[in-house]
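# Observations on the three-dimensional arrangement
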Amino acid sequence: MRLLLDRAAAAATRYLENLDERAVAPRTEAVEGLQELNEPLPEGPTSPEVVLDMLDRVGSPATMAAAGGRFFGFVHGGSLPAALAANWLAGAWDQNAALFVTSPVASVLEEVSLRWLLDLLQLPPGCGGAFVTGATMANFTALAAARHAVLQRAGWDVEADGLIGAPPLTLVVSDESHPSVLKSLGMLGLGRQRALRIPTDKQGRIRLDALPALSEPAIVCVQAGNINTGAFDPFAEICAIAHEKHAWVHVDGAFGLWAAASPEHAHLVAGVGEADSWATDAHKWLNTPYDCGLAFVRDARPLNQAMALTAAYIPQTSRREPSQFTPELSRRARGIEVWAALRSLGRSGLADLVERNCRHARRFADGLRAAGCEILNDVVLNQVLVSFGDPATTLSMIDRIQKDGTCWCGGTTWQGRTAMRISTCSWAITDEDVDRSLDSMLQLLGSVPRVR
Ligand SMILES: Cc1ncc(COP(=O)(O)O)c(C=O)c1O
């Protein structure tokens, strides 16, 4: 075992140390090389060393270098050293985070992390919380609690009786709600298309003048951090309007909620603590390894009532039993990595990480603007939308940037404009990474044929 794990650690370290030298996207030959793994099921055993070597030789080159400092696609966080190391140790522990009895350490670290997170994210200290796979499941989990609470107030027990015959619910989302919110509504039997979609402004923020009149029971979904622009909905105003009508306000803050941890950016989430539930990702801005999402609910009871499970063989205790708050029973012990990330960063380290990445985003925007490119959004956080000219030129630039390999950015359409997205969300990004990426973009721009 020792030799094998030392070998795994050596392979992982070699991989991370070589990241700076390799192209960010895997080379075509490396991706094609994955076919070597597509073999018939072996009839007998293979030594673990051979399996590991095969994985490293064929698999490592076919990865996206998202752990490095020049991956700016989607909104991916890196893995902080402490969180990655804790992930390895926790892997060896092989803990099931379902119950206190199956993993006292996982259970306690969830409790500690939850308390620290509520403090850092400026959420009410008594919130219930769930450690899930990602923001999609966090939206689902928090909205399950919302569905329970608003229907219970209308005299309906949705867990017992389902939705057939339930009082009609008013659901409000925005034009710019992330699709995972709509998917969650669909998974909850509330329908992906039944929600009223509120128009948004030029940055993707809900227009207050377009909010519909609300009547109980109702759930309003707002957003901290638009996937394209990084913009924030006006939480304080929406919460005040919604709460007057006893509506539940849910915040999808997959990455934007972390702005609360930075004194420079906390104003962006002003009023967010007035909501009833929140979803975020630790695998985004807290930089834990995949996968790690977090759901918080102001009143832990509806979360518990939506997720509770009993069986004769499962101990019912007076402590916080993790699986009484999550969709899953058996579960990876994500609280361990969250704890390690928070314990290693501390309050100032997390603030510094958020502020550094926001500075990186502004550095990109300034450099590209100075070169004559158009920045389509107000760069308030860590998202930059760039147009290199007409749609064909922008698409061609995205393709060239991805193939060049110095960095990696994806594309999008923002309010009818074709754009490249730059998202800065990793502890591993340095100013040099930004400058090197900018240089390569501008060099490629010089050689791109303008399509008219
Ligand atoms: C605002 C928002 N909500 C939800 C999600 C989904 O997160 P996950 O992929 O972790 O499920 C994302 C992903 O980028 C997001 O930006």
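Everything here concerns the structure above.
Cut-offs and rules
Residues numbered from 1 in each chain as written. Predicted model: local features only at pLDDT ≥ 70, side-chain atom pairs only at ≥ 80, totals over all residues. Heavy atoms only, no water. Salt bridge = Lys/Arg side-chain N within 4 Å of Asp/Glu carboxyl O. Helix = DSSP H or I, 4+ residues; strand = E, 2+ residues; numbered from the N terminus. Buried < 20%, exposed > 50% of the residue type's maximum accessible area, 1.4 Å probe, protein only. Phe/Tyr/Trp six-rings, centres within 6.5 Å; stacked < 30°, edge-to-face > 60°. Lys NZ or Arg CZ within 6 Å of the ring centre and 35° of its normal. Pairing = 2+ DSSP bridges. Near = heavy atom within 4 Å. Polar contact = N/O pair within 3.5 Å; in protein donor to acceptor, adjacent residues only side chain to side chain. Areas by Shrake-Rupley, 256 points an atom, 1.4 Å probe, with all protein chains shown as cover. Nonpolar A, V, L, I, M, F, W, Y, C, P; charged D, E, K, R; others polar. Axes fitted to C-alpha atoms, helices over the stretch in contact; angles between N-to-C directions. Contact = heavy atoms within 4.5 Å. Patch = residues over 30% accessible without salt bridge, like charges linked within 9 Å, V, L, I, M, F, W, Y side chains within 5 Å.

A separate point is the pattern of salt bridges. Taken as a whole, this structure holds 25 salt bridges when the rule is applied. A salt bridge links E337 to R332; the nearest nitrogen and oxygen atoms lie 2.8 Å apart. Across the pair R369 and D366 runs a salt bridge whose closest N-O atoms are separated by 3.4 Å. Of this pair, R369 and D366 both sit in helix α11 (residues 334–370), separated by three residues, roughly a single helical turn. For R369, a relative accessible area of 44% gives the class partly exposed. Residue D366 is classed as partly exposed on the basis of its relative accessible area, which comes to 47%. The structure contains a network of salt bridges with shared partners spanning D20, R70, D433 and R436.

Per the counting criterion, the structure on display carries three aromatic pairs. Between F74 and W408, the ring centres sit 5.7 Å apart and the planes meet at 25°, which makes this aromatic pair stacked. Of this pair, F74 sits in the loop between α3 (48–59) and α4 (81–93) while W408 sits in the loop between α12 (391–404) and β10 (410–414), and the two are 334 residues apart along the sequence. Judged by its relative accessible area of 48%, F74 falls in the partly exposed class. Of the residues examined, W408 reaches a relative accessible area of 11% and is grouped as buried. Grouped by ring-pair contacts, the aromatic residues F71, F74 and W408 constitute a single cluster. Positioned above the aromatic ring of F100, the side-chain terminus of R319 is 3.8 Å from the ring centre.

Burial along β10 is one-sided: the residues G410, T412 and W414 are buried and none of G411 and T413 is. Remark: two residues form the turn of the hairpin made by β10 and strand β11 (residues 417–423), two consecutive strands paired antiparallel; Q415 in that turn has positive phi of roughly 45°.

Moving on to the site of the ligand. Neighbouring the ligand are 14 residues, the closest being T136, D252, D281, H283 and K284. Between the ligand and the protein, one listed contact pairs a nitrogen atom with a side-chain N or O atom of D252 at 2.7 Å. Contact with the protein chains hides 83% of the accessible area of the ligand, taken as 390 Å² for the molecule alone. Tallied by class, residues from the shell around the ligand come to four nonpolar, seven polar and three charged.

It is worth spelling out the sheet that holds strand β3 (residues 196–198) at this point. Here seven strands make up an open sheet; going across it, the order is β1-β7-β6-β5-β4-β2-β3 and the pairing mixed. Looking along the sheet, the strands with just one partner apiece sit at the ends: β1 (128–132) and β3. Between one strand axis and the next, the sheet turns by 20° as a mean value, whatever way the strands run. Two elements, strand β4 (residues 218–223) and strand β5 (residues 248–252), share five bridges in a ladder whose sense is parallel. Within β5, the residue paired with I219 across the bridge is W248. Across the sheet, helix α6 (residues 135–153) lies against β1, β4, β5, β6 (277–281) and β7 (293–297), angled at about 180° from β5, the strand it touches most. Contacts between helix α8 (residues 179–187) and the sheet are confined to β2 (170–174), β3, β4 and β5, with β2 contributing the most and set at about 160° to the helix.

So, about the side chain of H283. Mapping H283 onto the fold places it in the loop between β6 and β7. Classification of H283 by relative accessible area gives buried; the value is 7%. If we skip the residues at most four places from it in the chain, H283 touches G77, T133, G134, T288, P289, Y290, D291 and C292.

Next up on the list: the environment of A254. Considering the arrangement of structural elements, one finds A254 in the loop between β5 and β6. Here A254 falls in the buried class, since its relative accessible area comes to 12%. With sequence-adjacent residues up to four places away left out, A254 is seen in contact with A135, A224, A279, T280, D281 and K284.

Another aspect to go through is a nonpolar patch on the surface. On the surface, V31, L34 and L37 cluster together into a nonpolar patch covering about 210 Å² of accessible area. Among the structural elements, L37 can be located in the loop between α2 (28–33) and α3.

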